[in-house]
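# A look at the structure
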Amino acid sequence: MDGIVSRLEAGLATLLALPLRFMSWLVGLPRRFAQFLTDLPHNIRAAALATKRVLFGADSALEEVLLGLALIVALGAIVFTFLLQSALTPYPLVVFIGIVALGWRSYQARTAKILTVFATAGTVLTLAFITYFLFEKAWTPLVDFGLELLAIPVNEQGQTRWFFWLDFILPQGEGQTGWDPHNNHPSLLAAAWATVVVTVIATLVAGPLGLLGALFIAEIASDGLREAIKPAVEILAGIPSIVYGFIGFAVLNSFMQDAFLDAGASFLIAGLVVGIMALPTVVSVAEDAITAVPKSMRDGAIAMGATEWQTMKSISVPAAISGISAAVILGIGRAIGETMAVAAIMAGGTTFARPLFDIFDQSVTLTSRIAISYGSASSTTLEVLFVAGVMLFIIVAGASIVAQYIERRLGHELEAEA
Amino acid sequence: MSEGYVGDRALVSTESNFYDWGLDATIALTIVSFLLGLLTLVRAVSLGTSGVALAEFFQFLLVLVVGAIGIVGLFSWLNVVPVTATRVRGVGLGLLVDLVALAALTAMVELSMATLLGLVLVVQALIIGTAGLASWFGFVDTEPSSTAGLLAGAAFGLVGLLVGAALGGTLLGGGSLAYYGSAIVVGIGFAALTLGLREDIGTTLPVALLVGTLGLIIATGAIGLGWTWKPGPRIDGAFTGQVVVPLFVLLGSIVGSWGAAKSRAGYGARGRQYGAYLTIYLNAVMIVAIMVSIVAFVTQKGIIYAFHGFTIGALSAIVVLTPLVVLALNFARSKAGTNEWHAGARQFIRIAPLAALGSLVALLVFLLVSGETFDIPFTYTVWIEGRQAEVLDSAFLITSEPTVGTLLVVFAGGFLVWYFLRRYGSLRGVGTRRDRVTSIERWVGLTIGALFLLVLALAVEGKAPFGVPVATTLGTPLVALLSLAGLGLSIAALGSLLVGDDPVANRGYDRAQILRVGIFGGLGLLVTATVLEHVAAATPMVGPTSLVPLIATVAAVASLSVAVLTAAAARSASTEFGRVLNRESGLGLAGAAGFVVIAALHVALTGVPFSLGPVSIGITGTLSWPMLMQAYIPLGAEPGGILPAVVGTVWLVVGAAIFAIPLGVGAAIFLTEYAEQGRITALVEIATNSLWSTPSVVFGLFGAAFLIPRLGSKESILAGMLTLGFMLLPLVLITSREAIKSVPTEYRDASAALGVSQWETVKSVVLPAALPGVITGVILGIGRVAGETAPLILVMSGTLNSTQAIDVLGGFQFIAEPPFIYNEALLEATAALPTQVWAVIAAGVSGSPSMGWASALILLIVVLTFYAVGIIMRTFFRRKLNHE
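Residues numbered from 1 in each chain as written. Chains lettered and ligands numbered in written order. Predicted model: local features only at pLDDT ≥ 70, side-chain atom pairs only at ≥ 80, totals over all residues.

### A few points about the overall build of chain A
As a reminder, the rule being used: For the purposes of this entry, the term helix denotes a DSSP run of H or I that reaches at least four residues, the term strand denotes a run of E that reaches at least two, and both are numbered from the N terminus. Residue burial here comes from a neighbour count, namely the number of other C-beta atoms, placed from the backbone, that lie within 10 Å of the residue's own C-beta, with 20 or more meaning buried, 12 or fewer meaning exposed, and in between meaning partly exposed. By definition, residue pairs are in contact when their C-beta atoms, positioned from the backbone, come within 7 Å.
On a plain count of helices and strands, chain A comes out with 15 helices and two strands. Here the C-alpha coordinates of chain A stretch approximately 80 × 70 × 50 Å along the principal axes. Burial statistics for chain A: of 418 residues in total, 47% are counted as buried. Sequence separation of 24 or more characterises 72% of the internal contacts of chain A that already satisfy a separation of 6 or more.

See below:
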């Protein structure tokens, strides 16, 4: 208990110190930029040398250098033709394959290495392309609409709905949904709020259950039981979301009508389903974190006469608390990104939840807005959907980066303590 | 460790057995009420069940529990599955006693399920309260701490807050004062009770109060079936008794089990441990139950429709079963344990699959010989064209037709070839090396290479490349010559074993080279002959039958004889000879399977069935599975199936894998083996991890914005393949990196110390060692993308009832100008399994729910098969790694 409290305090302190660190980073920015400019020529030369070393080795024959150059030119031609004039792509592709075949015969090691470099570059390029094309498509509506994209819908009397006093900042939307891109009312606020509600419910389900499940697998279960239950959790992760969606669509909605006298689809049921879907992520990541706690720490507690449960409560969980929070963050990311189950369960609703915390209401989320509206969308609508995509991308990628940062720090800490 | 902890000794002294038994029974009772709460929540059992129905339900439960505990008890008594923990025994007995009591009670008194659950909670509360008092007054030996602890206090305060709010809001009326007031009073009261008293009474009193209150509310019907509560005037929904009662029961059971377990272990540190463990166990049970019930539910809903009109010939069924038989055989060969009873039990489990398959195959052979059929008739419901439900008759049928389709033979045979070749390993350098055989080996290789070029020329330029009518003049004699040469080689392999004076084992060892060249050469030449036959359209005949399959059959028999001879010789051979002979029998079996596959290949390519006596290889075969093998039939009497979706998913997965695996594995090699570990690699790692967790629908948007404009500006399967490939890429990269990293550094050092270059080390040492991990990662990744729906909706929206499957293989056309290969089919959209399910949802009332369930089941089977294979492979390789 004390362990957790002190950990949380430390975490809070770090969090509070973040603005300060950011400020000092900001202050130092001009100086570092100047430094960057002065170092630039040197760095470029170093980078060029490093690239040369990676691609051609320190002392290669002229043929090998030529081979590398030819491959680079061919690959560049493939990328450029695909980007600009995709019908021409097959030609450089054939040339590329030919050069690879020739190179493989005579300079296998060099060719193989260059190919692995290209594979890496391709992977990085994929990420760059995804980011670039999402933002490029979303740029026009972002400039055109600005804050209109988050306009607050109105109620029946035509007054702006209450939304955390944000009506000082956000404009007033049109109608009860604010979603009418044909007539330039592209508010994504209802969908974003729906995402928030579904994610909160899902986290309430997946967080505690996932932590208990992870404790069970990591600390309590015997080897045989662990071998049975770990695959079960993984298989739970493998069930496609559309299958969950179909169950929700075909069965759970009528259950809701019966048990909650509800019109049918609701945030509650969508949140529960998404929570179950996020559960395996939380379990497996949290389990990794708990298992990573060095055995020596636990043995110390046991040697002091503590029971297993005391050890778990006071040693393992506090030591792994950052990893566990990373697990919950990743679970939240999974819940935010979940599309098909939500789309299948809450296809009908488009309104802003009314009242805001009514978990029996229904509304499309950001993801299901994209999935449902894409087929029949006009070009303006399409662009707005890309804004939704960008929002999702930033939130989930950000969550992932934060989780990785936490995990890395946990690794260092445990290494230091072990 | 935990079990040992639970079972180390009776924690409470022997005089207080009554206390132990009572609490064990209470723990069992809380487990029963927990399960009943789950069952009533999902409406597997109605809360209104009463009288005879309820009594029957409990008798049914009692029978189940008697069976379960009986078999465990029996095996425990036999010492096969020893259960030594006193608490586990106690809870098991408690379960039995509780269910007998419940069954008796419901049989005697007219009760409804809700009332009964309330009473059960009240009983739990009474026993737990009594136990606390017994400890307080010192009737039993316990070791309570001074307080129940902050965690328990906080938890009870929170629960009290919620219960108080609920009671205030519902029973006293929804005024805000009563609402908040009662919440705060009850919350603080619970926390104070828990924290202020000694641990025994501080635990049991709040537990008994809470559980008892919940039980009384339910038992008196204050909250019953007809009860509803609307949280606010403008809220859509309301809470009904149907939901609240099970939730109350679940809450009461969890709290009750915690309190009872704590009391059972005598409070203190041990009591807290038992209490916490029981809660965590119940949670784990719930997670597994959720998983099992989802899979079981979809199966139960979809299986009838999915198997409508399923028919299979007995011979086809046998062919399908052969790979399974081989796997079961492999499983049964694994070594047994030593302890006598354990060994007996394990041996039984090991041979059980083989025995079951054996009897199944025998049944099929009986059908084949006797000419009878086996059928299970059933009915299924269709919504034809979305109008109304219609019930159709169907059956699961096994006929006695001795015909097999080519596809089945190729798949089953291909698996066998792969499996036996893995067991075969290599025979290079074994036995005497003969110059003539070596030169034959070289000539066979050269011939196959040359003919491959000829085949290419024929494929691209037509039957008369560059004006020379090669196909018509040379085709038939060439094919005949090739297949005869193949036959000669395989016969030579058999002959080398048969001819000679010394024992067969010695011959097998000495002439290993002839065997190897004979069987591999025979296979190679016959495959070339079959392909040449196809492109040159020249089929040499012997009377009414074609030459190639005939020769393949003879060669298969020869190969099989090699396998049998060497296996027989290996029984009494020395260890060194035995090992070689075992390999040779593996080679022989692989060859036999391979020659049968060639015969099937011939049938598939020429389109002429091949029969030998009563048995034949047909083009269509006798397996008919309308759900998987037919497209939708518009306006038909029977609805057909979802073949286009199945084919679409297969091609999507293949395309994604072809794109992602080389890129991902290549990048993983570079990042792990070549690149210096530093900022750049860390950055790439962070980027790929973020890419992995990016929502799938965002990948869909990217595919729609980036790929579609560049691939013919329309939705196409190629765009779908690449989009799924982008999703697969980070997964392959991450898992491959982990696998390559986990290869011990000693391997690389040892290789470098031998003077091997870096690339050779990577190729011959690191990659083979990392391969299992890489393959497992790829399989799990494919399982994930195979079920992805969202990106496919954006790049490849399928229609609900497609009537035609995409023909990717047939779409390949060779053209005489760059890029030489062109495929129209890749630029068309197709249905896929996930989009098929989505289409049913999107169609609303006009969709057919039964078909939706069946499609969901097929999708689930496909995806979970990938997962199961991946997980099994991982466990297998991990075990192998640990043993080494």
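### A word on the packing of helix α24 (residues 717–741) of chain B against helix α26 (residues 758–786) of chain B
In a packed pair of helices, the relevant descriptors are the angle between the two axes and the axis-to-axis distance. Residues and elements named next belong to chain B. Let me state the cut-off plainly: Fitted lines through C-alpha atoms give the axes, limited to the stretch in contact for helices. The angle between two N-to-C directions lies from 0 to 180 degrees. Oblique is the label for every angle not falling under 35 degrees (roughly parallel), over 145 degrees (roughly antiparallel), or within 65 to 115 degrees (roughly perpendicular). Should the near helix be turned anticlockwise from the far one by less than a right angle, the crossing is termed left-handed; should it be turned clockwise, right-handed. By the convention adopted, Pro, Cys, Tyr, Trp, Phe, Met, Ile, Leu, Val and Ala count as nonpolar, Lys, Arg, Asp and Glu as charged, and the other residues, Gly among them, as polar.
The geometry of α24 relative to α26 is characterised by a closest axis approach of 8 Å and an angle of 150° between their N-to-C directions. Taken together, the axes of α24 and α26 are roughly antiparallel relative to one another. Crossing handedness for the pair α24 and α26: right-handed. From α24, Leu 724, Met 727, Leu 728, Leu 731, Val 732, Thr 735, Ser 736, Glu 738, Ala 739 and Ile 740 reach across to α26, where they touch Val 766, Ala 770, Gly 773, Val 774, Gly 777, Val 778, Gly 781, Ile 782, Arg 784 and Val 785. A breakdown of the residues in the contact of α24 with α26 according to their chemical character gives 13 nonpolar, five polar and two charged.

### Observations concerning the sheet that holds strand β6 (residues 403–405) of chain B
Residues and elements named next belong to chain B. The cut-off we apply is this: We call two strands paired when DSSP finds no fewer than two bridges between them.
Spatial strand order, β6-β10-β9: three strands in an open sheet with mixed pairing. Each edge of the open sheet carries a strand with a single partner, namely β6 and β9 (610–612). This sheet shows a mean twist of 15° between the axes of neighbouring strands, independent of strand direction. With three bridges connecting them, β9 and strand β10 (residues 615–618) associate as antiparallel partners. Note that in β10 the partner of Phe 610 across the bridge is Ile 617.

### A look at the interface of chain B and chain A
Listed per partner, the contact involves 85 residues of chain B and 88 residues of chain A. The element contributing the most residues to the side of chain B that touches chain A is helix α10 (residues 268–306) of chain B, with 16 residues. Counted by class, the side of chain B that touches chain A contains 59 nonpolar, 20 polar and six charged residues.

### Considering the confidence of the model for chain B
Residues and elements named next belong to chain B. The criterion, for reference: Scored from 0 to 100, pLDDT records how confident the predictor is in each individual residue.
Put simply, chain B has an average pLDDT of 83, and 90% of its residues get 70 or more. Across chain B, helix α5 (residues 113–136) holds the top mean pLDDT of 92, while helix α1 (residues 2–7) sits lowest at 40. Across residues 1–15, where pLDDT falls below 50, the model places 22 contacts with residues more than four positions away in sequence or in other chains. For this predicted complex, the interface score ipTM comes out at 0.87, while the overall pTM is 0.83.

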